[in-house]
Each structure stands twice: as structure tokens, then as C-alpha cells.
Amino acid sequence: MRMPAAERREQLLAVALDAFATRGFHETSMNDVAEAAGITKPVLYQHFDSKRELYVAVIEEAGRRMIEAIAYRALADVDERERTRLGFSAFFRWVADDHDAFRVLFAGGSRRDPEFNEIVRSFTAQIADLIEPLITADIDADHRRTLAYAIVGMTEGVSRRLIESGDDFDPEAIARQVSDLAWAGLRAAQRSTPASLN
């Protein structure tokens, strides 16, 4: 029985995500993806006109999965420190559960290609958008935005190390360690005061 187009596309994205995460964009061919999906290359081209189009779709799918995994829900009743920990916990759990999506977004060649990098940057901005309102320090908007991006960079750097080590890790333990550091920094954040003129 023929697979419906939407279901086939979903299958192809899953197979391509695995292939690109394992071998990278340049080392993965459309033949590789078609073979892994158990279809012919012409069938693959019915869904994606080119390898670039397929890779863009894979990046966008990985980004959507990341945002969905870390979007803050039902956090109104927790204090700020716990909210910080829960945010890190959601991110590191996503990394632990979805290695391939992380690799495609942050650990592969996506950052070296202008088109791919722009898509990744848009998802990075969305993470910063989620974090920024949670920073309640008495600081100006530009300072708050800078700290939101600092937190994004910290989580990405820690996650890259975890993925590269190849070992399993406890997302909750990592979240506690990183959130302790972030919380200390956020508590110390203060509104800049102009230097006095002499």
C-alpha cells in the first residue's frame, strides 16, 4: 500500500536527519537518503527538488523540535531560581533525547553555509525570546537581551561538549550545575550606572 504524501515526507525527514547528523551535509547524498528510506531516488525527488532543499527542511524540523521541547509551560507558580533550573532541564533533556537534531543545528556544517546559518540563527533568536522575559533583574532591555544570548551560548557550549564526549549524561544533574552558575550571574546582574564626570 502506498504511503500518503505527508507521512512519506515525515519519514524522509526522519531518515535524512539521521543521515545528515551522522555524516554531514557534504558527505550525504540523495542516494544515501533514498536507500536508507527504502525508496528510489526519483521518489525522493518528488518530495524535495534538491539536497539543499531537503537539508533546509531538516534544519527547520530540528529547530521546531527544539523550540517545542524547551517552550516554558505552567511555570507561573514556581520561583525564579526553580524556573531557571526547569528551563535548563528542558534544554538538556532535549539534547539527551534528540542528539541528531542538536548535531544538525549546532554541531555540523550548518553554521558554515550562509543560508543554513541564517535558519539556525533564527531558532537561536527564538530561544533568546523565550529566555528574555524570564530575566527579572532590574536591568535595561539591551542588557537583558545580551544575557539571554549569553545563556543560549552557555547551553550550546555545554551541550556540544556532552555530545562530543559520546557518553550518556543525566540532564537533571547537568541542569542543576549550569543553572547554579546562571542563577549566580543573574542575581549579580545590575543596571549600569553612568560613570561620574570629573
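Residues numbered from 1 in each chain as written. Predicted model: local features only at pLDDT ≥ 70, side-chain atom pairs only at ≥ 80, totals over all residues. Heavy atoms only, no water.

With respect to the overall build of the protein
Phase 1: Scanning the protein for helices and strands turns up nine helices and zero strands.
Phase 2: Of the regular secondary structure in the protein, the N- to C-terminal order runs α-α-α-α-α-α-α-α-α.
Phase 3: Dimensions of the protein, computed from C-alpha atoms along their principal axes, come out at roughly 75 × 40 × 30 Å.
Phase 4: Counting contacts in the protein only where the partners sit at least 6 residues apart, residues at least 24 apart contribute 68% of the total.
Phase 5: Accessible area for the protein stands at about 11,200 Å²; split by element, carbon and sulfur atoms hold 49% of it.
Phase 6: For the protein, the distance from the average site of its 25 positive side-chain charges to the average site of its 33 negative ones is 1 Å. (Helix = DSSP H or I, 4+ residues; strand = E, 2+ residues; numbered from the N terminus. Contact = heavy atoms within 4.5 Å. Areas by Shrake-Rupley, 256 points an atom, 1.4 Å probe, with all protein chains shown as cover. Lys, Arg positive; Asp, Glu negative; His and termini not counted. Charge placed at Lys NZ, Arg CZ, Asp CG, Glu CD.)

Notes on helix 1 (residues 5-23)
Phase 1: Spanning 19 residues, helix 1 covers 26 Å between terminal C-alpha atoms, matching the ideal 27 Å at 1.5 Å per step.
Phase 2: Where helix 1 is concerned, the buried positions are Arg8, Leu12, Leu13, Val15, Ala16, Leu17, Ala19, Phe20 and Ala21.
Phase 3: Turning to helix 1, the residues buried within the fold contact helix 2 (30-37), helix 3 (41-47), helix 4 (51-70) and helix 6 (99-107).
Phase 4: Directly after helix 1, the chain includes Gly24, whose backbone phi takes a positive value near 90°. (Expected span 1.5 Å × (residues − 1). Buried < 20%, exposed > 50% of the residue type's maximum accessible area, 1.4 Å probe, protein only.)

What to know about the pattern of salt bridges
Phase 1: Overall, the coordinates contain 15 salt bridges when judged by the stated rule.
Phase 2: A salt bridge links Arg52 to Asp113, with the nearest nitrogen and oxygen atoms 2.9 Å apart. Of the two residues, Arg52 is situated in helix 4 and Asp113 in the loop between helix 6 and helix 7 (114-131); the sequence distance between them amounts to 61 residues.
Phase 3: Among the residues examined, Arg52 registers a relative accessible area of 32% and is labelled partly exposed.
Phase 4: We note a salt bridge from Glu115 to Arg52, for which the minimum N-O separation is 2.7 Å. (Salt bridge = Lys/Arg side-chain N within 4 Å of Asp/Glu carboxyl O.)

Describing the packing of helix 7 against helix 8 (residues 141-165)
Phase 1: Contact pair helix 7 / helix 8: the axes reach a minimum separation of 9 Å and the direction vectors enclose 120°. Taken as axis vectors, helix 7 and helix 8 run oblique relative to one another. For the crossing formed where helix 7 meets helix 8, the hand is right-handed. Residues Thr124, Ala125, Ile127, Ala128, Asp129 and Ile131 of helix 7 lie in contact with helix 8, whose contacting residues are Arg145, Ala148, Tyr149, Ile151 and Val152. (Axes fitted to C-alpha atoms, helices over the stretch in contact; angles between N-to-C directions. Parallel < 35°, antiparallel > 145°, perpendicular 65-115°, else oblique. Left-handed = near helix turned anticlockwise from the far one by under 90°.)

Observations regarding the packing of aromatic side chains
Phase 1: The final tally for this structure, using the stated rule, is ten aromatic pairs.
Phase 2: Taken together, a centroid distance of 4.9 Å and an interplanar angle of 55° make the contact between Phe25 and Tyr55 tilted. Separated by 30 residues along the polypeptide, Phe25 in the loop between helix 1 and helix 2 and Tyr55 in helix 4 bring together distant segments of the chain. Note on accessibility: Phe25 and Tyr55 belong to one class, buried.
Phase 3: A connected cluster of aromatic rings, assembled from ring pairs, spans Phe88, Phe91, Phe92, Trp94, Phe102 and Phe106.
Phase 4: Above the ring of Phe25, the side-chain terminus of Lys51 is found at 4.5 Å from the ring centroid. (Phe/Tyr/Trp six-rings, centres within 6.5 Å; stacked < 30°, edge-to-face > 60°. Lys NZ or Arg CZ within 6 Å of the ring centre and 35° of its normal.)

A few points about the confidence of the model for the protein
Phase 1: For the protein, mean pLDDT is 89; residues scoring 70 or higher make up 92% of the total.
Phase 2: Here helix 5 (residues 80-97) stands out as the least confident element of the protein, with mean pLDDT 90; helix 2 is the most confident, with 96.
Phase 3: Low pLDDT, under 50, characterises residues 194-198; the stretch is placed with zero contacts to residues that sit more than four places away or in other chains. (pLDDT = per-residue confidence, 0-100.)

Let's talk about the nonpolar core
Phase 1: Core analysis: the biggest nonpolar cluster contains 59 residues, and Leu54, Met66, Phe92 and Trp94 have the highest contact counts within it.
Phase 2: Of all the secondary-structure elements, those providing two or more residues to this core are helix 1, helix 2, helix 4, helix 5, helix 6, helix 7, helix 8 and helix 9 (171-188).
Phase 3: Top element by residues in this core is helix 4. It accounts for ten residues.
Phase 4: If we ignore the near neighbours within four places in the chain, the residues touching Leu54 are Leu13, Ala16, Phe20, Met30, Val33 and Phe48. (Core = buried A, V, L, I, M, F, W, Y, C linked by side-chain atoms within 4.5 Å.)

Here's the deal with the packing of helix 5 against helix 8
Phase 1: Across the interface, helix 5 lies against helix 8 with an axial gap of 11 Å and an inter-helix angle of 35°. Taken as a pair, helix 5 and helix 8 cross one another with a handedness that is right-handed. Along the contact surface, helix 5 presents Phe88, Phe91, Phe92 and Val95, while helix 8 presents Ile151, Met154, Thr155, Val158, Ser159, Leu162 and Ile163.
Phase 2: Grouping the amino acids of the contact of helix 5 with helix 8 by side-chain chemistry returns nine nonpolar, two polar and no charged. (Nonpolar A, V, L, I, M, F, W, Y, C, P; charged D, E, K, R; others polar.)

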